[in-house]
Amino acid sequence: MGTGTGTGAGAGAAQRTGKKRLFGLSLLLSILVLLLEATLALVVSIVYGVTQESPNAGVGGSAMFIFLLPVLAVFATVIAAALSVGLVFPTAWLSDVLGRRFGGREVWWWVPVVAGAVSLVLLGAVVVLADGAGAGAAALGWFLTTAALTVPALLWRSRRERVFGPVTLWGAAAIVLTAVLGGVGLGTGLLQEYRPPAVTSADIVGRWSDGRGGTLTFGADGRVTADAIDDDLGGWGPGDGEDDGDICTGQGTWTYEPGEGRWSQVVAVRVDSCTYGTWNVGGTESRLALYQFIGDPDSWDLYELRRTSEEP
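Everything numeric here is computed off the predicted structure, so don't read it as measured data.

Colleague: Talk me through the packing of aromatic side chains; I want residue IDs and the actual numbers.
Modeller: The full count for this structure, using the stated rule, is nine aromatic pairs. An angle of 25 degrees between the planes, with centres 5.2 Å apart, marks the rings of Trp 109 and Trp 110 as stacked. Between the aromatic rings of Tyr 291 and Phe 293, the centroid separation amounts to 5.6 Å while the plane-to-plane angle is 85 degrees, which identifies the pairing as edge-to-face. By the burial criterion, Tyr 291 is buried, and Phe 293 matches it. An aromatic cluster is defined as three or more aromatic residues linked by ring pairs; in this entry it consists of Phe 23, Phe 89 and Trp 156. Sitting above the plane of the Phe 102 ring, Arg 101 keeps its charged end 5.3 Å from the centroid.

This is the structure in structure tokens:
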């Protein structure tokens, strides 16, 4: 009698584990996983971005991002739903089909195989649209895309019950742990936060070029000569952001203004025929740069000058 009861319970458990999750629940689970993955990628990109040369003032570069979070969350959910239906579900379905076709039963390892093939196609399209990419970047992109697609596809075909809680818990834990490790790395100096180089007036003296024939030449006596500098920077700066052919050529004066810190140091240029007034200091200690924002500063679209000689 005990054996019959045990057998019945085992059969019931097998039946419950063999029952597939409803499509709607699988879709919600996939959306949840993709949102968790996107949040994790965002944290990693923020930490990585802080270590890279950029015109943003450190971690708190754009307060507008905080106000846009609700809109971004809705947009991300819609994108996650579209990716779930268009990529995750087909990957899970095709892996089951291939497992039954070639092995007689569904096996989990077909999921990363199919995900890798799908990622390869997607990456190929991106490389073509982006007009080429390095081998290292392409390999990393393929690996990350495959991993990001494999996880929700595996969970889509999973027959485990009560999976939403553990997925949310482990996903949130991974995000928090990544953020903490990134913060510790930046705080201890293991990861070097980018800061503009601290310069003096002597560092500015010399000829600076935009690489397209435009130059600014700063003299030690405070005089400056502009030659074919783009004078249509647009948006928050002069001009309308379109290439109208406006150039700045002439002579004037310049001063270095240290501001309150490295992020606020600027070079003020006064040339009668030019509409701009100040250049921000960027680059690195070994490769200084002066730049203007083209259009909205949040776009990171820059007009840069690099020094080509020490003496004017």
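Colleague: Outline the state of the cysteines, supporting the account with residue identities and numerical values.
Modeller: By definition, a disulfide is the covalent link that joins the sulfur atoms of two cysteine residues. As enumerated under the stated definition, the model contains one disulfide in all. With its sulfur 1.4 Å from that of its partner, Cys 248 forms a disulfide with Cys 274. Disulfide Cys 248 to Cys 274: torsion about the S-S bond roughly 40 degrees, handedness right-handed. One end of the pair, Cys 248, is in strand β4 (residues 247-257); the other, Cys 274, is in the loop between β5 (266-271) and β6 (278-283), with 26 residues separating them in the sequence. Assessed through its relative accessible area of 10%, Cys 274 is described here as buried.

Colleague: Tell me about the pairing of strand β3 (residues 223-230), and name the residues and values.
Modeller: Looking along a regular strand, one sees side chains alternate from face to face of the sheet. Bridging between strand β2 (residues 215-218) and β3 involves four bridges; their strand directions are antiparallel. Considered in β3, the bridge of Leu 216 is made with Ala 226. Between the end of β2 and the start of β3, which pair antiparallel, lie four residues, with Gly 222 showing a positive phi angle near 90 degrees. As judged from the six bridges shared by β3 and β4, these two strands associate in the antiparallel manner. Considered in β4, the bridge of Thr 225 is made with Gln 251.

Here is what the cut-offs are and how they apply
- Residues numbered from 1 in each chain as written.
- Predicted model: local features only at pLDDT ≥ 70, side-chain atom pairs only at ≥ 80, totals over all residues.
- Heavy atoms only, no water.
- Phe/Tyr/Trp six-rings, centres within 6.5 Å; stacked < 30°, edge-to-face > 60°.
- Buried < 20%, exposed > 50% of the residue type's maximum accessible area, 1.4 Å probe, protein only.
- Lys NZ or Arg CZ within 6 Å of the ring centre and 35° of its normal.
- Disulfide = S-S within 2.5 Å.
- Helix = DSSP H or I, 4+ residues; strand = E, 2+ residues; numbered from the N terminus.
- Pairing = 2+ DSSP bridges.

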